[in-house]
Amino acid sequence: MTIQSTDWAQRFSDRMSRVRANEIRELLKLLDQPDILSFAGGIPDPGLFPAERIQAGYDAILADPDLSRQALQYSVSEGYLPLREWIAERMAAHGVPCGPDNIMLTAGSQQALDLLGKLFISPGDTVMVARPTYLGALQAFTAYEPRYLDLPEDALDGGCDAQALMAGRAPRPLGYFVPDYANPTGESLPLAQREALLDLAQQLDMTLIEDAAYRELRFAGEIQPSLLALDVARSGSIEQARTLFCGTFSKTISPALRLGWVCGPKAVIEKLVLLKQGSDLHVSTINQMVGWRAVTEDYEQHLSRLRNAYGAKAQATLDALARHMPQGVTWSKPEGGMFVWLRLPGGLDGKHLLERAIAEERVAFVPGEPFFAEVPAANAIRLSYSLPTAAEIDDGVGRLARLIARHG
Ligand code: PMP
């Protein structure tokens, strides 16, 4: 008897037709070799995790019979109330008066993006994004079958005919933006562009997702008001706002706790809670309780340690780029976050350069192409400076510069 193998591809839902493994993620899996100097992983420096505080949190909770019974039990989908209250107070201190009912905890902000996609995107709907934008947001949204629209580069400097932009597309788009120290560029929107984005959102009746993943990691320049704060200032209250703010403790405490949140009008939070119930019921109760302990003890001191550390690495990267890079290469000047975006001389393709970088110089980065939703640009790469030391940064940027000079 022959055993027939199942043709799974025919059985998957229609929406899976556009969900693909990212070829660059596959390539980056090869980078575990110890002699490769990597600027690829956009992950926090593990030396900065508040491990002792986290351990003290778990110990204190598990040693107390009442707390441990609560911590190891199922809990409400909205999230642990003291943590929602803390987040609401922090949002209020940054120009967004709101209460715990305006907050839902999520399994990292990545889950917030997925649930917001599920809530707002029907097949064929328009999703407007920056060029380039966060790859993980594209992965989350693509499963809901939108049509992407790249925001034109000059659109927020007065060069945008909003109606022409939408010609032939489903109206009332969903907009997704990372206004602070973005992944992958490290760039931030100045105040005037934030206001212009809100004007555009008003003209197009666009719902806005504000991804604030790196907002707390500012090490230079002025902090700008969040899109949500500007929106609330215009509309009078969070209940009238069109912006949904996604925050996370992944970059400030630890990504493994999987603690993120959405802040928005109650009408939206109520629907998200239903989706969260159907998805995974709630975020780990004990992790929420440990997270709450971590943010209520010396959090500001911890944040300033992070900002100093990432600021020093960013400066080392900018110094090394200025020292080593050949003419024709330009780069962003981040004031926070973990990334620098390099634009290569015209004919150079980031993907080909990565293959050569690994083979010839044992150095790695992420090519720019997968960060584009609609029209890709090949001649850009992302460097993350979060993991290497200052000496490694200088060495690695030097190697990369030699490679670009050879092939440029
Ligand atoms: N948004 C952006 C812009 C990110 O870079 C990341 C992490 N790479 C996330 C969201 C998701 O992070 P988390 O789910 O850990 O909060």
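Residues numbered from 1 in each chain as written. Predicted model: local features only at pLDDT ≥ 70, side-chain atom pairs only at ≥ 80, totals over all residues. Heavy atoms only, no water.

### What about the domain arrangement of the chain?
- For the chain, the domain assignment lists domain 1 (19-48 + 300-407) and domain 2 (51-297).
- The straight-line distance from the C-alpha centre of domain 1 to that of domain 2 is 26 Å.
- Tallying the contact residues gives 33 residues for domain 1 and 34 residues for domain 2.
- Here domain 1 packs against domain 2, burying approximately 2,900 Å² in sum over the two surfaces, 58% of which is carbon and sulfur.
- The interface formed by domain 1 and domain 2 holds three salt bridges in total.
- Of the charged contacts, one joins R169 and E374 as a salt bridge, the two residues approaching to 3.0 Å between their closest N and O atoms.
- The tally of links between domain 1 and domain 2 comes to 13 residue pairs in polar contact (both at pLDDT 80 or more).
- At nine residues, helix α12 (residues 299-324) tops the list of elements feeding residues into the side of domain 1 that touches domain 2.
- For the side of domain 1 that touches domain 2, the class distribution of residues is 19 nonpolar, seven polar and seven charged. (Domains from an automatic or database assignment. Contact = heavy atoms within 4.5 Å. Buried area = accessible area lost by both parts, 1.4 Å probe. Salt bridge = Lys/Arg side-chain N within 4 Å of Asp/Glu carboxyl O. Polar contact = N/O pair within 3.5 Å; in protein donor to acceptor, adjacent residues only side chain to side chain. Helix = DSSP H or I, 4+ residues; strand = E, 2+ residues; numbered from the N terminus. Nonpolar A, V, L, I, M, F, W, Y, C, P; charged D, E, K, R; others polar.)

### A closer look at a nonpolar patch on the surface
- Residues W8, F12, M16 and V19 make up a contiguous nonpolar surface patch of roughly 410 Å² in combined accessible area.
- Considering the arrangement of structural elements, one finds V19 in the segment before α1 (23-28). (Patch = residues over 30% accessible without salt bridge, like charges linked within 9 Å, V, L, I, M, F, W, Y side chains within 5 Å. Areas by Shrake-Rupley, 256 points an atom, 1.4 Å probe, with all protein chains shown as cover.)

### Comments concerning the sheet that holds strand β10 (residues 339-343)
- Read across the open sheet, the four strands follow the order β9-β10-β13-β12; overall the sheet is antiparallel. Edge positions in the sheet fall to β9 (330-331) and β12 (366-367), since each of these pairs with one other strand and no more. (Pairing = 2+ DSSP bridges.)

### Some remarks on the packing of aromatic side chains
- Overall, the coordinates contain nine aromatic pairs when judged by the stated rule.
- Seen from their ring centres, W86 and F249 are 6.0 Å apart, and the 50° between their planes marks the pair as tilted. With W86 in helix α4 (residues 81-93) and F249 in the loop between β7 (243-248) and β8 (260-263), this pair connects stretches of sequence that are 163 residues apart. In terms of burial, W86 and F249 fall into one category: buried.
- On the numbers, 5.0 Å between centres and 40° between planes, the contact of F249 with W261 is tilted. With F249 in the loop between β7 and β8 and W261 in strand β8, this residue pair connects regions lying 12 residues apart in the sequence. The exposure classification of F249 matches that of W261, with both residues buried.
- A network of ring pairs unites the aromatic residues W86, F245, F249, W261 and Y299 as a single cluster.
- Between the NZ or CZ atom of R11 and the centre of the ring of W8, over which it lies, the distance is 5.7 Å. (Phe/Tyr/Trp six-rings, centres within 6.5 Å; stacked < 30°, edge-to-face > 60°. Buried < 20%, exposed > 50% of the residue type's maximum accessible area, 1.4 Å probe, protein only. Lys NZ or Arg CZ within 6 Å of the ring centre and 35° of its normal.)

### A look at the site of the ligand
- Around the ligand, the structure places G108, S109, Q110, Y134, N183, D211, A213, Y214, T248, S250, K251 and R258.
- Between the ligand and Y134 there is a distance of 3.4 Å, counted from a nitrogen atom to a side-chain nitrogen or oxygen.
- A distance of 2.6 Å separates an oxygen atom of the ligand from a polar atom in the side chain of S250.
- Here the ligand has 410 Å² of accessible area as a free molecule, and 91% of this is covered by the chains.
- Examining the composition of the shell around the ligand, we find that three residues originate from one element, helix α5 (residues 108-120), more than from any other. (Near = heavy atom within 4 Å.)

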